[in-house]
Amino acid sequence: MIKVAPSMLAADYMHLDSEIDKVVASGADVLHYDVMDGTFVPGITFGQGILKMVAKKPIPMDVHLMIANPIKHVREFAEAGAKYITVHQEAANFELRDTLRAIREAGCLAGVSVKPFTSVDAIADVLNEVDLILIMTVEPGKGGQKLIPFTVDKVRQVREMCRKAGVNPVIEVDGGVNLETAHLVTEAGAQMLVAGSAFFKAQDPAEFVKALKAMPQAE
Ligand code: DX5
Ligand code: ZN
């Protein structure tokens, strides 16, 4: 079954406590936690201090680091309570392998992400080092954007690449996922769906999560 990762980015920060309770009660699998540093992406969001508080909630933390030089920070996010830590290939650059190893050494599951215009070939060398691959279906940096259609094919490509390499990381998709677009990416092979605005705008979050979980999966 498809896993669902509501993104805290779209929550009402004045009521974070009840917003996260809403995520937990909805039956979602993980809480997606978007970290932006104002360098790798224009915006700045939340860091380790807030994660430490939020991670007390009974749901695993899926930390998406949209930050430059992620290797400098993975240990702090691990200690703050992350389960998954995902870094960008474009940000980690030649330190990608070391960064992914540092994540695993810190006791977390290691994820790698590529932006829409980065080819999946850029991560071919690290398939053995990852537990999760995050395909960005929008330009990272803000919520509420439309899914970019050509990125769907990258989900297919990465799935095929993993199959050929004999590895089985979770394939996650992030950006513009809603009840209309979700099937496009699940049919292509996505197994975990991030949903920010669509989750927090849903009339009935539990129904929303149930509908995403029931999306048709690739064989
Ligand atoms: C965008 C973030 C996403 C964002 C998705 O840079 O990585 O996780 O929260 O938001 P929606 O679901 O609104 O596109
Ligand atoms: Zn994200």
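A quick note: this is a predicted structure, and the numbers were derived from the prediction, not measured.

### Describing the coordination of the zinc ion (ligand 2)
Right, on to step 1. Those donors, His32 (NE2), Asp34 (OD), His64 (ND1) and Asp174 (OD), are the protein atoms that reach the zinc ion (ligand 2), and they lie 2.1 to 2.2 Å from it.
Right, on to step 2. For the zinc ion (ligand 2), the six donor atoms are set out with angles of 70 to 169° between them, so the coordination reads as octahedral.
Right, on to step 3. Read N to C, the donor residues that coordinate the zinc ion (ligand 2) are spaced as H-x1-D-x29-H-x109-D. Note that His32 is positioned in strand 2 (residues 31–36) and Asp174 in strand 7 (residues 170–174), a separation of 142 residues in sequence. Asp174 carries the same exposure label as His32, and that label is buried.

### Some words on unusual backbone geometry
Right, on to step 1. Even without being glycine, Asn69 reaches a positive phi, approximately 45°.
Right, on to step 2. Its identity as a non-glycine residue notwithstanding, Asn93 has a phi of 55°, on the positive side.
Right, on to step 3. With respect to the helices, strands and loops of the structure, Asn93 is situated in the loop between helix 4 (89–92) and helix 5 (96–105).

### Looking at the sheet that holds strand 8 (residues 192–195)
Right, on to step 1. In spatial order, the strands read 1-8-7-6-5-4-3-2; together these eight strands make up an open sheet with parallel pairing. Both edges of this open sheet fall to strand 1 (3–6) and strand 2, since each of them pairs with a single strand only. The sheet shows a mean angle of 25° between the axes of neighbouring strands, direction not considered.
Right, on to step 2. Here strand 7 pairs with strand 8 via two bridges, running parallel. Counterpart to Val173 in the pairing with strand 8 is Leu193.

The rules behind each value
- Residues numbered from 1 in each chain as written.
- Chains lettered and ligands numbered in written order.
- Predicted model: local features only at pLDDT ≥ 70, side-chain atom pairs only at ≥ 80, totals over all residues.
- Heavy atoms only, no water.
- Donors = N, O, S within 2.8 Å, 3.2 Å for Na, K, Ca; no water.
- Tetrahedral: all angles 85-135°; square planar, octahedral: opposite > 155°, others 65-115°.
- Helix = DSSP H or I, 4+ residues; strand = E, 2+ residues; numbered from the N terminus.
- Buried < 20%, exposed > 50% of the residue type's maximum accessible area, 1.4 Å probe, protein only.
- Pairing = 2+ DSSP bridges.
- Axes fitted to C-alpha atoms, helices over the stretch in contact; angles between N-to-C directions.

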